[in-house]
Amino acid sequence: MARKAAYRKGRQNRLAMLLVTTVVLMMALVVTFKSVELRQKRQIYMEKEEALLQEIEAEKARTDEIEEYGKYTQTKKFVEEVAKEKLGLVYEGEIIFKDEK
């Protein structure tokens, strides 16, 4: 009878080890799949970050251009150009040549 108990105990240990091994393998698979998924998400986020950084740089350059244009619009040269082009004004004694077209 002692043999049967020992045999039964050994068999239960094997079954328990098999179950524990199965659970550990399943957990390893889940961790592996999640790891791959997280790496893909990380790559996507890095690409988005790079695109946003480029957009920020473009907007900074645009801001600089707007500031330069704002300074230019306050100069006498700009006022003269607008007066000549849009209003057709000229200085006194200035001669204008026009095409016959």
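The sections below set out a description of the structure shown in this document.

Definitions and limits used
Residues numbered from 1 in each chain as written. Predicted model: local features only at pLDDT ≥ 70, side-chain atom pairs only at ≥ 80, totals over all residues. Heavy atoms only, no water. Helix = DSSP H or I, 4+ residues; strand = E, 2+ residues; numbered from the N terminus. Buried < 20%, exposed > 50% of the residue type's maximum accessible area, 1.4 Å probe, protein only. Salt bridge = Lys/Arg side-chain N within 4 Å of Asp/Glu carboxyl O.

### A few points about the overall build of the protein chain
Here's step 1: Helix and strand counts for the protein chain stand at two helices and zero strands.
Here's step 2: Counting only residues that meet the buried cut, the protein chain has 2% of its 101 residues in that class.

### Topic: the pattern of salt bridges
Here's step 1: Enumeration according to the criterion identifies four salt bridges in this entry.
Here's step 2: For Lys41, the salt bridge is made with Glu37, and the minimal N-O distance between the two is 4.0 Å. Here Glu37 and Lys41 lie together in helix H1 (residues 2-72), a separation of four residues that amounts to about one turn.
Here's step 3: Relative accessible area serves as the criterion here: at 39%, Lys41 is assigned to the partly exposed category.
Here's step 4: What makes Glu37 partly exposed here is its relative accessible area of 34%.
Here's step 5: Arg62 is paired through a salt bridge with Glu59; the nearest N and O atoms lie 3.7 Å apart. One end of the pair, Arg62, and the other, Glu59, are both in helix H1, three residues apart, so they sit about a helical turn from each other.
Here's step 6: Classification of Glu59 by relative accessible area gives partly exposed; the value is 39%.
Here's step 7: Overlapping salt bridges bring together Lys34, Glu37 and Lys41 as one network.

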